[in-house]
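Given next are the chains, with one letter for each unit.
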Amino acid sequence: GPTYLSRLWCIIEIFTYIMMGGRVEDIDVRLVLREGHTNEDKTALLSAFEGFDVADCQCYSPSDKERILFVIGTAFGFLRAFNEVVVTVLGRIQMENPVLVSISIPAASGGA
């Protein structure tokens, strides 16, 4: 769904899977879009892929978020460096999953 990439634990799970040798092509992506909000949800999902920033992610527990961001910052030096790695992985996931390719929003069509 459109909030998946805003949940810090979800990002950590994907990142850990890939770093442990998991293959992007083995990630099964399923779209979960709200009825009556399909285009809005697709736009939000695409935006999340393009503009990922770990600092914007949420956790149920604020202390979890604080600790996870501390660990990421310690490991990568800067959150920006982690973001760059995650954006690369997300780009590969997007390219490898037909369901994500299919939701690409076409450029504005000419006047009709």
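Coordinates for the structure precede this section.
What comes next is a walk through the structure. None of the values given here were measured: they were computed from a predicted structure.

In this section: helix α1 (residues 8-19). Between the first and last C-alpha of α1 there are 16 Å, a value that for 12 residues agrees with the 16 Å anticipated at 1.5 Å per step. Here α1 has its buried residues at L8, C10, I11, I12, I14, F15 and I18. Next to the buried residues of α1 lie α3 (62-76) and α4 (79-96). In the stretch just after α1, G21 is the one whose phi turns positive, near 105°.

Here the focus is the side chain of K65. With respect to the helices and strands, K65 occurs in helix α3. Buried and without a salt bridge, K65 has D56 as its closest oppositely charged side chain, separated by 6.5 Å. When near neighbours in sequence (up to four residues on either side) are disregarded, K65 contacts L8, A55, D56, C57, Q58 and C59.

About the criteria used
Residues take numbers from 1 onward in each chain, read along the sequence in its written order. Thresholds applied to this predicted model are a pLDDT of at least 70 for local features of residues and 80 or more for the giving and counting of side-chain atom pairs; totals over whole chains, interfaces and linings are not thresholded and use all residues. With hydrogens and water excluded, all non-hydrogen atoms of the structure serve as input to the side-chain values. Helix numbering and strand numbering both begin at the N terminus, where a helix is a DSSP run of H or I of at least 4 residues and a strand a DSSP run of E of at least 2. The span you would expect from a helix comes to 1.5 Å times its residue count less one. Only protein chains enter the accessibility calculation, which uses a 1.4 Å probe. A residue is then buried if its area is under 20% of the maximum for its type, exposed if over 50%, and partly exposed in between. Note on definitions: a residue-residue contact is assigned when non-hydrogen atoms from the two residues lie within 4.5 Å. Counting rule applied: Lys, Arg positive; Asp, Glu negative; His and chain ends not counted. The term salt bridge refers to a side-chain nitrogen of Lys or Arg lying within 4 Å of a carboxyl oxygen of Asp or Glu.

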